[in-house]
Amino acid sequence: MKNIFLVNSPYHVILSKKIIDMYKANGNNSKNIVIVLKESSMMDINYDYIFDEVIYMDQQVYLNKGKNILDKVKILRYNKKLCKNVNNILNEYDNKLQNIDKLFTFTDDVAIHQKIIKYFKKKHNTKNILIEEGTILYYPRKWRSIIKGISYTILGFGLCQPIQYGNNKYIDLVACKFPQKANSCRKKILLPNFTFDIDDIGIFPNLDYSYLEQNSEDNKKNKLIYAGNPFSEQGIISLEKEISILNDIIKICNKLNILLYIKPHPRENISKYNIDEYKNVKLIKNKEVPIEIISSILGCQGAISTISSAILNMSRDRNCFFLSDLFDIKFGMNDNIKSIAESLEIKFPKTLDELENMLSKSVTKHTVSYKNNNDFLISIDKIGEENE
């Protein structure tokens, strides 16, 4: 039997590798095929390092790239045309797409994903599994998002459902880290907390991180990694406020002799980080590489951000901090996510002095309990049994 992985970001590729590694560790050597929805960040990845077959589909264009309503309508029309061709594109690979057992996807609400998920369910009766990739499962359902989805449907998506993430009727199982808090009507199971390590770098064959090499003095320091956000790019806060926030963090790290690594978000403009005047600060230029991998390679004991799902991922064995309260930025944060973060012992400093006090203390590693990987695999293999 074969597995299909539907990916459109480097992080999806990393998670796919983790799932495949789990199966191999349990003696399952199924053939693994990846469908890549092409973006520039997806073209410098060594897919042969993980997958047996690769299928590239036309470039996916995201709505937030539209500068005005006319641009967004054009993008919607483009995606509508692409969606209409999905069946034809996949039928061209029909000889490779035989005996498909499972489809793993990381998105189920975007039009092109909906079409592909439905195609495999209808034609191959696949077990379709949605793998959590961020915090969107923990947002409440809002009328605004429903109206927005209906508008997109009318403008360009044709027959695609205006659904919220995690509620696609062709998804059999949603794998997430906090099933009881997830806003999904589908059956949910616990997603293991994956460990990221240097072996994962093989996915990025042309990656040069020699500029991050640490000298003997660096190795003596505590290391903190900052997960950037595209807030100024999205108009959520001004660039001035964004840089002011970072400067405050840098000053505290310099005072405490902490080596700070800045990891820009893939959608950030890296040129906004002008750090030449600071000591103990290094900018990670490979912004497409998931921060979970970079932080493991660098041996960072702590992680900090205004809001980032990566901080939740890294909190198992690092001291982590969210700055949403400190800088009064509520975007992406709600009571549900905050309760999850607090359960993971992520700290929410309310003043700069409080942040400095937290960072000055020795790093204490802690472990969050998760069920073992076999439970995850067994739950997937049992899809459909309750209906037999």
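Explain the overall build of the chain residue by residue, including any values.
Tallying secondary structure elements over the chain gives twelve helices and twelve strands in all. Considering only intrachain contacts with a sequence separation of at least 6, the fraction spanning at least 24 residues in the chain is 69%. Looking at the chain as shown, the accessible area adds up to about 18,200 Å², and 48% of this sits on carbon and sulfur atoms.

Before we move on, can you summarise the pairing of strand E12 (residues 319–322) with the specific residues and values?
Taking every second residue as pointing to the same face, both faces of E12 are buried, with Asn 319 and Phe 321 on one and Cys 320 and Phe 322 on the other. By the bridge criterion, four bridges tie strand E11 (residues 302–305) to E12 in an arrangement that is parallel. Paired with Ile 304 across the strands is Phe 321, a residue of E12. Taking the sense of rotation as the criterion, the β-α-β connection linking E11, helix H9 (residues 309–314) and E12 turns out right-handed.

Report on the sheet that holds E12, specifying residues and quantitative values.
One open sheet holds the five strands; their spatial order is E10-E9-E8-E11-E12, and the pairing between them is parallel. Two strands close off the open sheet at either side, each with one partner strand: strand E10 (281–283) and E12. Strand-to-strand, the axes of this sheet are offset by a mean angle of 20°, without reference to chain direction. With three bridges joining them, strand E8 (residues 223–227) and E11 adopt parallel strand pairing. Across the sheet, residue Ile 225 finds its bridge partner in E11, namely Ala 303. With respect to the sheet, helix H8 (residues 291–298) is in contact with E8 and strand E9 (259–263), its orientation differing from that of E8 by roughly 165°.

With reference to specific residues and values, describe the sheet that holds strand E5 (residues 127–131).
Taken together, the seven strands give an open sheet; going across it, the order is E3-E2-E1-E4-E5-E6-E7, and neighbouring strands pair in parallel fashion. Each having just a single partner strand, strand E3 (53–57) and strand E7 (188–190) make up the two edges of the open sheet. Between one strand axis and the next, the sheet turns through 25° on average, direction left out of account. Strand direction decides the pairing type here: strand E6 (residues 173–176) and E7, joined by three bridges, are parallel. Paired with Ala 175 across the bridge in E7 is Ile 189. Against the sheet, helix H1 (residues 10–25) engages strand E1 (2–7), strand E2 (31–37), strand E4 (100–105) and E5, with an angle of about 160° to E1. In this fold helix H4 (residues 111–124) packs onto E1, E2, E3, E4 and E5, with an angle of close to 165° to the strand it touches most, E4.

Tell me about the pattern of salt bridges, residues and numbers included.
Within this structure, the stated rule accounts for 16 salt bridges. When the shortest N-O distance is used, the salt bridge between Lys 17 and Asp 200 registers 3.1 Å. Taken as a pair, Lys 17 in helix H1 and Asp 200 in the loop between E7 and helix H6 (216–220) lie far apart in primary sequence, 183 residues in all. On the basis of relative accessible area, Lys 17 is assigned to the buried category, the value being 9%. Its salt-bridge partner being Asp 172, residue Lys 121 comes within 2.8 Å of it at the nearest N-O pair. Separated by 51 residues along the polypeptide, Lys 121 in helix H4 and Asp 172 in the loop between helix H5 (143–157) and E6 bring together distant segments of the chain. Within the structure, one salt-bridge network assembled from shared partners comprises Lys 17, Lys 18, Asp 21 and Asp 200.

Reading the values: rules and limits
- Residues numbered from 1 in each chain as written.
- Predicted model: local features only at pLDDT ≥ 70, side-chain atom pairs only at ≥ 80, totals over all residues.
- Heavy atoms only, no water.
- Helix = DSSP H or I, 4+ residues; strand = E, 2+ residues; numbered from the N terminus.
- Contact = heavy atoms within 4.5 Å.
- Areas by Shrake-Rupley, 256 points an atom, 1.4 Å probe, with all protein chains shown as cover.
- Buried < 20%, exposed > 50% of the residue type's maximum accessible area, 1.4 Å probe, protein only.
- Pairing = 2+ DSSP bridges.
- Right-handed = clockwise from strand over helix to strand, strands pointing away.
- Axes fitted to C-alpha atoms, helices over the stretch in contact; angles between N-to-C directions.
- Salt bridge = Lys/Arg side-chain N within 4 Å of Asp/Glu carboxyl O.

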